[in-house]
Every structure is written in structure tokens, then in C-alpha cells.
Amino acid sequence: MRQVREQAVLSRPEFDSAVRDALRALRRPDALAASPLSRSCLVLQNGGDLKEVQHELSGTPLPAPESTAL
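Since the model is a prediction, treat every value here as computed from it, not as a measurement.

## Regarding the pattern of salt bridges
Then comes step 1: All told, the structure shown has 2 salt bridges when counted by the stated rule.
Then comes step 2: Across the pair Asp 16 and Arg 12 runs a salt bridge, and its minimum N-O distance is 2.9 Å. Highlighted residues: Asp 16 and Arg 12, both in helix H1 (residues 12–24), separated by 4 residues, approximately one helical turn.
Then comes step 3: Residue class for Asp 16 comes out partly exposed when judged on its relative accessible area of 26%.
Then comes step 4: You can call Arg 12 exposed: its relative accessible area is 61%.
Then comes step 5: Two residues, Asp 21 and Arg 24, come together in a salt bridge whose shortest N-O distance is 2.8 Å. Taken together, the residues Asp 21 and Arg 24, both in helix H1 and 3 residues apart, mark about one turn of the helix.

Right under this line is the structure:
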């Protein structure tokens with residue numbers, strides 16, 4: 001069963017701050033998932049994955065998963 005998340009409604013200063021924080025957290029999935037942007041209308045309407053939406057909107061592909069060296 002898919003969990004329904006409450007949509008975040010942000011003021012302009014809150015949105016600006018959340019964008020800056022999300023950019024700092026791009027390589028930290030736990031911090032990115034906690035971002036209020038992950039509950040924004042834009043993200044929720046596009047699958048609910050903030051990192052995926054960021055890449056889709058920028059036109060850049062998601063990086064390939066890192067391979068582990070033995």
C-alpha cells in the first residue's frame with residue numbers, strides 16, 4: 001500500500017530556504033527525503049522522488065549506480 005504524504009505549502013522564503021538546503025543535500029538521500037520540497041505539489045505530481053524530479057526538470061539523466069570494486 002502506498003503511503004500518502006501530506007502536501008507541503010511553503011511561503012516564498014521557506015521555498016527558497018528549502019531549495020538551498022536540498023541542493024546541499026543532493027548526495028545525502030536521507031536529508032533529501034526529509035526536505036519539505038519532497039512533499040511539494042511539483043514533486044508529488046511527478047512520482048514523489050525529489051532527486052528524480054530534479055533530474056527530469058533539468059534534462060540531465062540520473063547518474064548510474066556506483067559499482068563496487070572487489
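## Observations concerning the side chain of Ser 38
Then comes step 1: Position of Ser 38 among the secondary structure elements: in the loop between helix H2 (29–33) and helix H3 (41–44).
Then comes step 2: The buried category is assigned to Ser 38, whose relative accessible area is 3%.
Then comes step 3: A polar contact is formed between the side chain of Ser 38 and the backbone oxygen of Ser 35, at a distance of 2.6 Å.

## So, the environment of Gly 48
Then comes step 1: Turning to its location among the elements, Gly 48 is positioned in the loop between H3 and helix H4 (50–58).
Then comes step 2: Its relative accessible area of 17% is what places Gly 48 among the buried residues.

What counts, and where the lines are drawn
Residues numbered from 1 in each chain as written. Predicted model: local features only at pLDDT ≥ 70, side-chain atom pairs only at ≥ 80, totals over all residues. Heavy atoms only, no water. Salt bridge = Lys/Arg side-chain N within 4 Å of Asp/Glu carboxyl O. Helix = DSSP H or I, 4+ residues; strand = E, 2+ residues; numbered from the N terminus. Buried < 20%, exposed > 50% of the residue type's maximum accessible area, 1.4 Å probe, protein only. Polar contact = N/O pair within 3.5 Å; in protein donor to acceptor, adjacent residues only side chain to side chain.

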